[in-house]
Amino acid sequence: MIDIKLFKKMNYFNLDVNFSIDKEVLVIQGPSGSGKTTILDCICGTKTPDEGSITMNGKTIFSSNKKINIKIKDRNIGYVFQNYALFPHMTIKQNISFGTKCKKLKDSDYIDYLMNVFNIYHLEDRYPNQISGGEKQRAALARALAVKPEMLLLDEPFSALDVNTKNSVYKEFLQLKKLWRIDIILVTHNPEEARLLGDRIISIESGNICDVETSKRNIIM
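Note that the structure is a prediction, hence the values are computed from the model and not measured.

Undergrad: Would you explain the side chain of Ser203 in this entry?
TA: Here Ser203 is to be found in strand 10 (residues 200-205). Residue classification places Ser203 among the buried positions, given a relative accessible area of 11%. A polar side-chain atom of Ser203 sits 3.0 Å from a polar atom in the side chain of Gln29.

Undergrad: How should the pattern of salt bridges be read in this particular structure?
TA: Opposite charge on two side chains allows them to pair when their charged atoms are near. Here the structure, examined in full by the defined rule, presents six salt bridges. As a salt-bridge pair, Asp74 and Lys73 come within 3.3 Å of each other at their nearest N and O atoms. By relative accessible area, Asp74 is classed as partly exposed at 38%. With relative accessibility at 52%, the residue Lys73 sits in the exposed group. Lys93 serves as the salt-bridge partner of Asp112, at 3.0 Å between the closest nitrogen and oxygen. Taken as a pair, Asp112 in helix 3 (residues 108-117) and Lys93 in helix 2 (residues 92-102) lie far apart in primary sequence, 19 residues in all. For Lys93, a relative accessible area of 24% puts it in the partly exposed group.

Undergrad: Help me understand the side chain of Thr91 in this model?
TA: With respect to the helices and strands, Thr91 occurs in the loop between strand 7 (77-80) and helix 2. On the basis of relative accessible area, Thr91 is assigned to the buried category, the value being 11%. In terms of polar contacts, Thr91 uses its side chain to reach the backbone carbonyl oxygen of Glu124, at 3.4 Å. Beyond its immediate sequence surroundings of up to four residues, Thr91 is in contact with Glu124, Asp125, Arg126 and Tyr127.

Undergrad: Just checking my understanding: could you explain the packing of aromatic side chains for this structure?
TA: In this description, a pair of aromatic rings is defined by centroid distance and the angle of the planes. Counted under the stated rule, the structure contains five aromatic pairs. On the numbers, 6.0 Å between centres and 25° between planes, the contact of Tyr110 with Tyr113 is stacked. Within this pair, Tyr110 and its partner Tyr113 are both found in helix 3, separated by three residues, close to a single helical turn. Grouping aromatic residues by their ring pairs yields a cluster made of Phe158, Tyr170 and Phe173. Here the basic side chain of Arg143 rests over the ring of Phe87, its NZ or CZ set 5.4 Å away from the ring centre. One residue, Lys148, lies across the ring of Tyr110, its end atom 4.7 Å from the ring centre.

Undergrad: Teacher, can you tell me more about helix 3 here?
TA: What sets the pattern is the α-helix's 3.6 residues per turn: residues three or four places apart point alike. Every buried residue belonging to helix 3 is among Tyr110, Ile111, Asp112, Leu114 and Met115, and all of these are buried. Directly beyond the C-terminal end of helix 3, a positive phi value near 55° is found at Asn119.

Undergrad: Got a minute to help me understand the nonpolar core in this structure?
TA: Grouped together as the largest cluster of nonpolar side chains are 39 residues, with contacts concentrated most on Phe118, Ile120, Leu152 and Phe173. Mapped onto this core, the elements with two or more residues apiece are strand 3 (25-29), helix 2, helix 3, helix 4 (133-145), strand 8 (151-155), helix 5 (163-180), strand 9 (183-188) and helix 6 (191-197). Residues in contact with Leu152, not counting those within four places in the same chain, are Gly78, Val80, Leu141, Ala144, Leu145, Leu176, Ile182, Asp183, Ile184 and Ile185. Among the nonpolar cores identified, the runner-up in size contains 26 residues, and Leu26, Leu40, Phe62 and Leu153 belong to it.

Undergrad: Which parts of the structure should I look at to understand the pairing of strand 10?
TA: Looking down a regular strand, the side chains alternate between one sheet face and the other. Where strand 3 lies against strand 10, four bridges are found, and the strand directions are parallel. Bridging from a neighbouring strand, Leu26 pairs with Arg200 of strand 10. Summarising the sheet, strand 10 and strand 11 (residues 208-214) pair through six bridges and their orientation is antiparallel. What sits directly across from Ile202, in strand 11, is Val212. What sits between strand 10 and strand 11 in their antiparallel hairpin is a turn of two residues, with Ser206 showing a positive phi close to 50°.

Undergrad: Is there a simple way to think about the packing of helix 4 against helix 5 in this case?
TA: When two helices pack together, their arrangement is given by the angle between the helix axes and the distance between those axes. One can describe the packing of helix 4 onto helix 5 by two numbers: an axis separation of 11 Å at closest approach and a directional angle of 15°. When the axis of helix 4 is compared with that of helix 5, the two are roughly parallel. Between helix 4 and helix 5 the crossing geometry is right-handed. For the pair formed by helix 4 and helix 5, the contact residues are Gly134, Gln137, Arg138, Leu141 and Leu145 on the first element and Thr165, Ser168, Val169, Glu172, Leu176 and Trp180 on the second. In the contact of helix 4 with helix 5, the residues fall into five nonpolar, four polar and two charged.

Here is what the cut-offs are and how they apply
Residues numbered from 1 in each chain as written. Predicted model: local features only at pLDDT ≥ 70, side-chain atom pairs only at ≥ 80, totals over all residues. Heavy atoms only, no water. Helix = DSSP H or I, 4+ residues; strand = E, 2+ residues; numbered from the N terminus. Buried < 20%, exposed > 50% of the residue type's maximum accessible area, 1.4 Å probe, protein only. Polar contact = N/O pair within 3.5 Å; in protein donor to acceptor, adjacent residues only side chain to side chain. Salt bridge = Lys/Arg side-chain N within 4 Å of Asp/Glu carboxyl O. Contact = heavy atoms within 4.5 Å. Phe/Tyr/Trp six-rings, centres within 6.5 Å; stacked < 30°, edge-to-face > 60°. Lys NZ or Arg CZ within 6 Å of the ring centre and 35° of its normal. Core = buried A, V, L, I, M, F, W, Y, C linked by side-chain atoms within 4.5 Å. Pairing = 2+ DSSP bridges. Axes fitted to C-alpha atoms, helices over the stretch in contact; angles between N-to-C directions. Parallel < 35°, antiparallel > 145°, perpendicular 65-115°, else oblique. Left-handed = near helix turned anticlockwise from the far one by under 90°. Nonpolar A, V, L, I, M, F, W, Y, C, P; charged D, E, K, R; others polar.

Here it is as C-alpha cells:
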C-alpha cells in the first residue's frame, strides 16, 4: 500500500492531492498543465512538496512534518519519462544496466531476462538513435524495472508512438502488469488509454482531484 498526500504551490494554482494505490495501475489523467507530471516528480523526489507525506509499504520516504526526504536513489522507484530519456552514448544494454550499477546491484541474468521479456535482446549493442520508437519504449521500461522497484511511474510513455505500435505496446503493458504485480502510476491525457490500461482513474484539473472512477477495461486481443 502506498499513501500519497501532496501540497505544492504552483505558478497558477496549488497542487493539492490525496490518494492511495495498492498493487494496481492507477491512471492520472487531465489536460496539459494540470499538475500530472508534478505529482510524479514529487513522488520520485526530483521535486519537493511544500507539505505532505509519501509512505511506501510502511516506509516514509517524504514527510514535511517529520522532516523526512529520502534521496532519489534510495526511494526504489522506477520512472519512465515521456521522451524515454535513454542515454544516446550508451548501447541499449548499457542503458538498461545503468541503474543497477548506480545502486551497486549485480544481476546480469536479470538484465538478460528483462531484455528477453521485452523482445529487445537482439538490440543490446545498438544505440538509441538506431532503434524504433516502440523499441525505445521497451528499453525504457526494462531500464526502469532493472532496479526491481516497488513502484513504477510512467509519464505519457505512449504519446509519441503511432497507432499500430501503440496497440502492440498496450498488450505488452497489460502483460507487464500481470507479470510484475507492482504499483504503477500512469499519467496520460488520453481518456481511451486511461480506460484501457488503468484499474482506477483519477482526473485532475488545476492541481485538484475532480473525479475518481474504476475502469471498465476492454482488453485488446
